[in-house]
Each structure stands twice: as C-alpha cells, then as structure tokens.
Amino acid sequence: MRVVVKRAGIGQVSGAVQVIGAIEGEQRPERLLPASVARDRALVGLIQRSGFRGASNETTLLPKGTGWVLVVGLGKSKDLSVERVRQLAGTAARVVRARGLKQVALPLLSDRMFGAADAVAQALIEGALLGLYRYDHLRTVPAHERNRRIDTITLVVERAADLAAARKGAAKAEVIAEAVLFARDLITGPSNIVTPTYLANQARAIAKEHRLKCQVISFATLKRLGFGGIVGVAQGSVHPAQFIVLEYRPAPRPAGSSRRGRRATKTFAFCGKGITFDTGGISIKPSAKMELMKYDMAGAAAVLGVVKAAAALKLPVRIVGIIAATENMPSGSAQKPGDVITTLSGKTVEVLNTDAEGRLVLADCLHYAKRFKPDVVVDLATLTGACVVALGSEAIGLMTKHEQLASRINQAGQTTYERVWRLPLWDEYGPAMKSDIADLRNVTNTGEAGTITAAKFLEEFAEGLPWAHLDIAGTAWTDKDKPYIPKGAVGVGVRLLLSLMENWK
Ligand code: BES
Ligand code: ZN
Ligand code: ZN
C-alpha cells in the first residue's frame, strides 16, 4: 500500500474515492469539509438530498461523474477534534475497501478546526492504516477478499503552504502505524508460535534493523543471577523464559553541540509484561475464554513497538525496553501456592496465587531498570482482571505518585486517544500485600482493590524510580470493532508512549 501526499484540488485525484467530511446537524453547505466543497453546488445538493445527517462515522457513498464520493460524518461541531479525524480516516478506508475500490483520497481537513496541519495529516494516515489492519498470516485468504485491498491512500492538500507539514505528519504516521501493527501481529499470534523465544528473536530483528543493542538473558542465567520472580513463573513451562533488554540511543549530536546538551538526553525505561500464555499456573484459570490469554504479552509487544518506532523516527531520547517473556503453565515443575521465592531485589514473596504472575516477573524488570538510572520508568501490563471491571475497554489504569509524570501521561492520552484514568496509590493499600512468613504476598486475602494492590506490590520494587504503572488488561484487546481498531489486538500503548517522549521537553 502506498501513501501519497499531493497538492491538488478536492476531486482531482482521478480513480480515487473522494472522501468528504460532514458536520452533524447543520444544513448550510459549509458543514461539508474541506470548505471548498461548498463551491460544487451539484455535489452539495446531492448530499443534502441523500438525507445524510453527519453523525460520527455515518457514511454514504455517492456516484459522481465516473467515480465516487464518500461522505463521512464528523459528529457535532462542538465535539470536533483530531480524534474525529482519525476515526473518519479509519471509517473511510474500510468502507472503500469493503466496496472493492482500490484508491482513497483523504482531504487535509481545515487545520483551524482540528489542529495543526502536521497533526491532522498524521491522524488521517494513522486512522486509515490502523483501520485497514487484518491478520492474514495463518489462513488461506479467499480470492475475492484478496482482491479487496486498497493500493493507494492519497492525502490531498489544497493549500501549498500546508504541503511540507502534511508530508511530515504523513511520514511520521506511516512509521507509527507500522509499529502498532507490528505489536498487533505479535499479540494476535497464538502462543504456540509467539513463544518467549519468538519475542526475543523479534527484539533481535529490531536491533539488527536499527543497529541497537539487544541483550537476551537465558533461563539458565536468570536462575544463576537470582531473577527469582521470572524463574518462579517460568519453571513450569517447557519454553525457556527470555529476559529481553533492547536499548536505543540517539546518534551523537554534531560537533559543536554543548556537553550540557548531551547530558540533557533523557533515559526512558519501559518494562513490558510478556506472558505469552497465562493459564494461571497451578491456580488454573477457568477454561471459558482462556484462549484470550495469548494477549497477556501485550505490554511486551507495545514496548517492542515503541522502540522500533522511536529508532525509525530517531527520537532524541535514550530508551531501554525491558521485557520478561515467559509462559505461565501448570506442570510437575511449576511453582505452587504457598511457595516462597526470592526476587532479584532480594525481597521474598509468598506466592499464594500462581495466577498473579505478572507482578512477579515485573518485580524483576523494575529492579533491573534501576541500573540504567532512568529519568522515567513506565511499565505496561495486562495485570489485573479487576482493571477490566473498573475501567472496561476505554481507559488504561494509571497509577503513580509522580504528579508531573501523571499529567504528562494524561496529556499523551488525550493527544493519542489512548486515554488513561488514574487510580490512587495511597499507602493505606500497602499492608494488604504483606506476608506473615515473607516480605510480601502476591495477592491480598480480601480481593479488594485488585488493580491498586497489584500496583502497590510493584511499587515495592520501584523504590527511588520516577515510575508509573499502566494496567492495560481492559484496553489491549477489544471485542467491538472501532473505526481504526478492528476487533482483536489493539496495540495500545505504542502511540501513547511515543507521544509522551515526543512532547517531553
Ligand atoms: N493476565 C491476568 C490479568 C487479566 C485478566 C488480563 C483478564 C486480561 C484480562 C493476570 O495474570 C491475572 O490472572 N490476574 C489475577 C490476579 C488475582 C489472582 C489477584 C486476576 O486478575 O484475576
Ligand atoms: Zn495470571
Ligand atoms: Zn497474566
């Protein structure tokens, strides 16, 4: 699929379905966007007569000359935002593909209403590329479906002054969308294929592509070095655990740049939960919907996607991706309820429920992160079912004591629409994680505040770090089709963390 940015008038891309946006509930021709459409009286009349209202993501495909016009609703004018634009592009691209048409022309919508030209261009291309995602690696695609694919997405820029910004935004969107789709592929991939070793090989491939440093610590070494959290979880599986450290450093600044400039480079450590399948272990899960537990490595997938995109975009920050990849299996060698393990930090944990394994592997990741002296640490994990209950699939659970980091992550959530919602990390929640015979227990005995108490457990291993925890259990997978997120793996977190770094300053 090609993405082309072109200066042209609306309707001048021959062979392409021309997309037009329409604001809801207004009758005047100016409700159609871009504004130049109003000059085409015949078209305005056609749309007016079609009874099209303009509700968000409502569509109507109308014949015009030898081609087509696709009108997509933007919702009410008071609700216009970059997110509406992203959704419009996703909706449009999918409708065009479903009709068997090959080319789509998206207008760079008026920047005054939605944001700067580069941001609007980025949203349009992201929306289209993310919306068109399909996972076709493991099935025979029937011929009629194989032919239903878009070959060109054209971003139509009316004003020459916007061209450079539009090109920049579109190019960035291509890189970011590729990283999100990469994460989606890993998450959708079943656990017999996407094993811990597979994840390690993906990290190695990213390192090779962008000349990054990649270290993979083997299961035998993890045992020897005292990574008790990961080892405890991994010991029941025949697939050896892999501890993955993928590091991106920006190219040195050109000569003449100050020392101060170099020292100002921030280090971000991103820790990802990489449970390639979570059966629950000996505390085994019910069989209903257990197949979904292949997505318990969505945090790890996001971390890999972030590093991949950051390296391609040459972001001026250092990033260390830290991933604990393992299965959580019941077997003769699996850890058992009541076992006490010694984590990398030296703290001991009474494992009262082997299904609360994410926090065990993340404990070692967070402790390991300390050696990089990071300026920011964020972990991403499909950590608790309680988070699904509390926030559903619209908000990521955010827990941190770091006010400034919270507000920056919140801002990134607004920008990308990977929205976060903060839960408290008050110290009163801490004692529930204390054990009588070890330093900590891995579950409470009440079941109260499951998402928060899991975070309190993690906090024990993040001492001294400027740390935030993101629980993506509810947001990493979706059962409903959304305009640019088809049912299934979301790839959540990739755009969020890239935006966080990009706007750091
Ligand atoms: N991977 C699960 C959490 C999860 C549940 C993710 C549903 C996505 C959807 C995690 O390892 C887990 O099993 N957590 C337990 C913790 C409990 C035993 C304290 C849970 O949430 O039930
Ligand atoms: Zn579990
Ligand atoms: Zn899990």
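Scroll up to find the structure this text is about.
Model, not experiment: these values are computed from the prediction.

A.B. asks: I would appreciate a short explanation of the overall build of the protein chain in the present structure.
C.D. replies: Helix and strand counts for the protein chain stand at 16 helices and 20 strands. In summary, the protein chain has a C-alpha radius of gyration of 24 Å against a globular reference of 23 Å for 505 residues, a match within 12%. Sequence-distant contacts in the protein chain: of pairs separated by 6 or more residues, those separated by 24 or more amount to 76%. Accessible area of the protein chain: about 21,100 Å², with a carbon and sulfur share of 51%.

A.B. asks: Got a minute to help me understand the environment of L70 in this structure?
C.D. replies: Along the chain, L70 falls in strand β5 (residues 67-75). Taking the C-alpha atoms as reference points, L70 and V19, separated by 51 residues in sequence, lie 4.8 Å from one another. In this structure, L70 is in contact with V17, Q18, V19, I20, T59, T60, L61, A92, V95 and V96, ignoring residues within four places of it in sequence.

A.B. asks: Help me understand the side chain of E418, please; the structure alone is not making it clear to me.
C.D. replies: Position of E418 relative to the elements: it lies in the loop between α14 (403-416) and β16 (420-422). For E418, the side chain forms a polar contact with the main-chain nitrogen of L496, separated by 2.9 Å. Sequence-distant contacts of E418, that is, excluding residues within four places in its chain, are made with I396, G413, G491, V492, G493, V494, R495 and L496.

A.B. asks: Looking at this structure, I do not really get the sheet that holds strand β17 (residues 440-441). What am I missing?
C.D. replies: Strand-to-strand pairing in sheets goes through backbone hydrogen bonds, with the strands running parallel or antiparallel. Read from one edge of the open sheet, three strands run β12-β13-β17, paired in mixed fashion. In this open sheet, the two edge strands, each paired with only one partner strand, are β12 (339-342) and β17. When β12 meets strand β13 (residues 348-351), the two strands line up antiparallel, connected through four bridges. Looking across to β13, one finds that T342 is bridged to T348.

A.B. asks: Would you mind going over the coordination of the zinc ion (ligand 2) with me for this structure?
C.D. replies: Ideal coordination angles are 109.5 degrees for a metal with four donors arranged tetrahedrally and 90 or 180 degrees for a metal with six donors arranged octahedrally. Of the protein atoms, only D278 (OD), D355 (O), D355 (OD) and E357 (OE) coordinate the zinc ion (ligand 2), at distances of 2.0 to 2.2 Å. Coordination geometry of the zinc ion (ligand 2): the six donor atoms subtend angles of 70 to 168° at the metal centre, consistent with an arrangement described as irregular. Site description for the zinc ion (ligand 2): donor spacing in sequence, D-x76-D-x1-E. Taken as a pair, the zinc ion (ligand 2) and the zinc ion (ligand 3) show a spacing of 3.2 Å, with D278 coordinating each metal. Classification of D355 by relative accessible area gives partly exposed; the value is 22%.

A.B. asks: What should I look at first to understand the packing of aromatic side chains in this one?
C.D. replies: The relative placement of two aromatic rings is captured by the distance of their centres and the angle of their planes. Considering all chains together, one arrives at nine aromatic pairs under this definition. Aromatic pair F227 and Y368: ring centres 5.8 Å apart, planes at 45°, arrangement tilted. Of the two residues, F227 sits in the loop between α8 (219-225) and α9 (228-234) while Y368 sits in helix α12 (residues 358-369), which places them 141 residues apart along the sequence. The class for F227 is buried, based on a relative accessible area of 2%. Ring geometry for F243 against Y368: centres 5.0 Å apart, planes inclined by 75°, an arrangement best described as edge-to-face. Residue F243 is located in strand β9 (residues 242-248), and its partner Y368 is located in helix α12; the two are separated by 125 residues in the primary sequence. Y368 shares its class with F243; the two are buried. An aromatic cluster is built from F227, F243, Y368 and F372, whose rings are joined through pairwise contacts.

A.B. asks: Honestly, the sheet that holds strand β14 (residues 376-381) in this entry has me stumped. Any pointers?
C.D. replies: Across the sheet, which stays open at both edges, the eight strands sit in the order β8-β9-β11-β10-β14-β18-β15-β16 with mixed pairing between neighbours. Edge positions in the sheet fall to β8 (213-217) and β16, since each of these pairs with one other strand and no more. Between one strand and the next, the sheet's axes are offset by a mean angle of 20°, whatever the strand orientation. Docked against the sheet, helix α15 (residues 450-459) engages β14, β15 (396-400) and β18 (467-471), running at close to 145° with respect to β18.

A.B. asks: Help me out: how do you make sense of a nonpolar patch on the surface in this one?
C.D. replies: A contiguous nonpolar patch, built from L138, I193 and Y198 and spanning about 250 Å² of accessible area, is present on the exposed surface. We classify Y198 as partly exposed; its relative accessible area is 32%.

A.B. asks: I tried to follow the coordination of the zinc ion (ligand 3) on my own but got confused; where do I start?
C.D. replies: Here the zinc ion (ligand 3) is held by K273 (NZ), D278 (OD), D296 (OD) and E357 (OE), and the distances to it run 2.0 to 2.4 Å. Written as a sequence motif, the donor residues of the zinc ion (ligand 3) are K-x4-D-x17-D-x60-E. According to the relative accessible area criterion, K273 is buried, its value standing at 2%. Looking at E357, the relative accessible area reads 0%, which means it is buried.

A.B. asks: What's the story with the packing of α12 against α15 in this structure? I'm lost.
C.D. replies: For any two helices packed against each other, one specifies the crossing angle of their axes together with the interaxial distance. The contact between α12 and α15 brings their axes to 9 Å, and the two run at 35°. For the element pair α12 and α15, the recorded crossing hand is right-handed. Taking contact as the criterion, the partners of R359, L360, L362, A363 and L366 in α12 are, on α15, A454, F457 and L458.

A.B. asks: Honestly, the nonpolar core in this entry has me stumped. Any pointers?
C.D. replies: Across soluble globular proteins, you tend to see nonpolar side chains buried next to one another. Within the largest apolar cluster, 106 residues are counted, with the highest numbers of intra-cluster contacts made by L106, L155, I409, L470 and M501. It is helix α6 (residues 163-188) that provides the largest number of residues to this core, a total of 12 residues. For this core, the domains that each give at least three residues are domain 1 (2-159) and domain 2 (175-502).

A.B. asks: What am I meant to see in the pairing of β5 here?
C.D. replies: In regular strands, side chains alternate between the two faces of the sheet. Within β5, seven of the nine residues are buried, which leaves the element mostly enclosed by the surrounding structure. As paired strands, strand β2 (residues 17-23) and β5 are joined by six bridges and run parallel to one another. By the bridge assignment, I20 is partnered in β5 with V71. Here strand β4 (residues 59-64) runs beside β5; their pairing, made up of six bridges, is antiparallel. Bridge pairing links L61 to L70 in β5. In this antiparallel pair of consecutive strands, β4 and β5, the connection spans two residues, and G65 shows a positive phi of 60°.

A.B. asks: Looking at this structure, I do not really get the side chain of E327. What am I missing?
C.D. replies: For E327, the position within the fold is in strand β11 (residues 318-328). Despite its burial, E327 pairs with no opposite charge; the closest candidate is K294, at 13 Å N-O. Side chain to side chain, E327 and S237 meet in a polar contact 2.7 Å long. Setting aside anything within four residues of it in sequence, one finds E327 in contact with P196, V233, A234, S237, H239, I275, T276 and F277.

About the thresholds
Residues numbered from 1 in each chain as written. Chains lettered and ligands numbered in written order. Predicted model: local features only at pLDDT ≥ 70, side-chain atom pairs only at ≥ 80, totals over all residues. Heavy atoms only, no water. Helix = DSSP H or I, 4+ residues; strand = E, 2+ residues; numbered from the N terminus. Rg over C-alpha atoms; globule rule 2.2 N^0.38 Å. Contact = heavy atoms within 4.5 Å. Areas by Shrake-Rupley, 256 points an atom, 1.4 Å probe, with all protein chains shown as cover. Polar contact = N/O pair within 3.5 Å; in protein donor to acceptor, adjacent residues only side chain to side chain. Pairing = 2+ DSSP bridges. Donors = N, O, S within 2.8 Å, 3.2 Å for Na, K, Ca; no water. Tetrahedral: all angles 85-135°; square planar, octahedral: opposite > 155°, others 65-115°. Buried < 20%, exposed > 50% of the residue type's maximum accessible area, 1.4 Å probe, protein only. Phe/Tyr/Trp six-rings, centres within 6.5 Å; stacked < 30°, edge-to-face > 60°. Axes fitted to C-alpha atoms, helices over the stretch in contact; angles between N-to-C directions. Patch = residues over 30% accessible without salt bridge, like charges linked within 9 Å, V, L, I, M, F, W, Y side chains within 5 Å. Salt bridge = Lys/Arg side-chain N within 4 Å of Asp/Glu carboxyl O. Left-handed = near helix turned anticlockwise from the far one by under 90°. Core = buried A, V, L, I, M, F, W, Y, C linked by side-chain atoms within 4.5 Å. Domains from an automatic or database assignment. Lys, Arg positive; Asp, Glu negative; His and termini not counted.

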